[in-house]
Amino acid sequence: MMLSNFMYLRNQQYWKTCEVCRWVSENINGYLKQGYRPSGEMVRGIITQSDMNATERTKHMWDQDKHSLSHTMVTKPAAKLRKNDLLCPTDSEKAYLVLACDDVDSLGVSGLVYLEERDDLKG
């Protein structure tokens, strides 16, 4: 019997549903109010912690020796995320800031999102 829809996952790797929060600037009574607001969009994917090799491979994307890449997320289908969006998993208190997005197959079937874990931001 062949199980074609299953994949082997390491510990702490499983499908997570995240709410997308976007940075919003509003003018309220002449005062600027900025912050993350829920956009109503949901993203589903597998979030894994980056290892040093993944960090080394993506160093050229930011043109700096050190950067804050801490996690990567594989989505199916490719997520329509923007840089600086905030992903808030529904089952966790963690938040992830989107650093970059990649449509790895150029068809929109799957995507790769580079994330930074943040505990000071929450939507």
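Above this text you will find the structure in question.
Nothing here was measured: the structure is a model prediction, and the numbers come from that model.

(A) View of the packing of aromatic side chains. Scanning the model with the defined rule gives one aromatic pair in all. Note on W23 and Y36: the rings are 5.1 Å apart at their centroids and 75° apart in plane angle, and the pair reads as edge-to-face. One end of the pair, W23, is in strand β1 (residues 15–28); the other, Y36, is in strand β2 (residues 31–49), with 13 residues separating them in the sequence.

(B) Molecular detail of unusual backbone geometry. Following K76, the chain continues into P77 via a peptide bond in cis, with omega recorded as 0°. Assignment of secondary structure puts P77 in the loop between β3 (71–75) and β4 (86–89). Backbone geometry at N29 places phi at a positive 50°, although glycine is not the residue there. Assignment of secondary structure puts N29 in the loop between β1 and β2. One non-glycine residue with positive phi stands out, namely N84, at about 75°. A residue is classified by how much of its surface remains accessible, and N84, at 41% relative accessible area, is partly exposed.

Reading the values: rules and limits
- Residues numbered from 1 in each chain as written.
- Predicted model: local features only at pLDDT ≥ 70, side-chain atom pairs only at ≥ 80, totals over all residues.
- Heavy atoms only, no water.
- Phe/Tyr/Trp six-rings, centres within 6.5 Å; stacked < 30°, edge-to-face > 60°.
- Helix = DSSP H or I, 4+ residues; strand = E, 2+ residues; numbered from the N terminus.
- Buried < 20%, exposed > 50% of the residue type's maximum accessible area, 1.4 Å probe, protein only.

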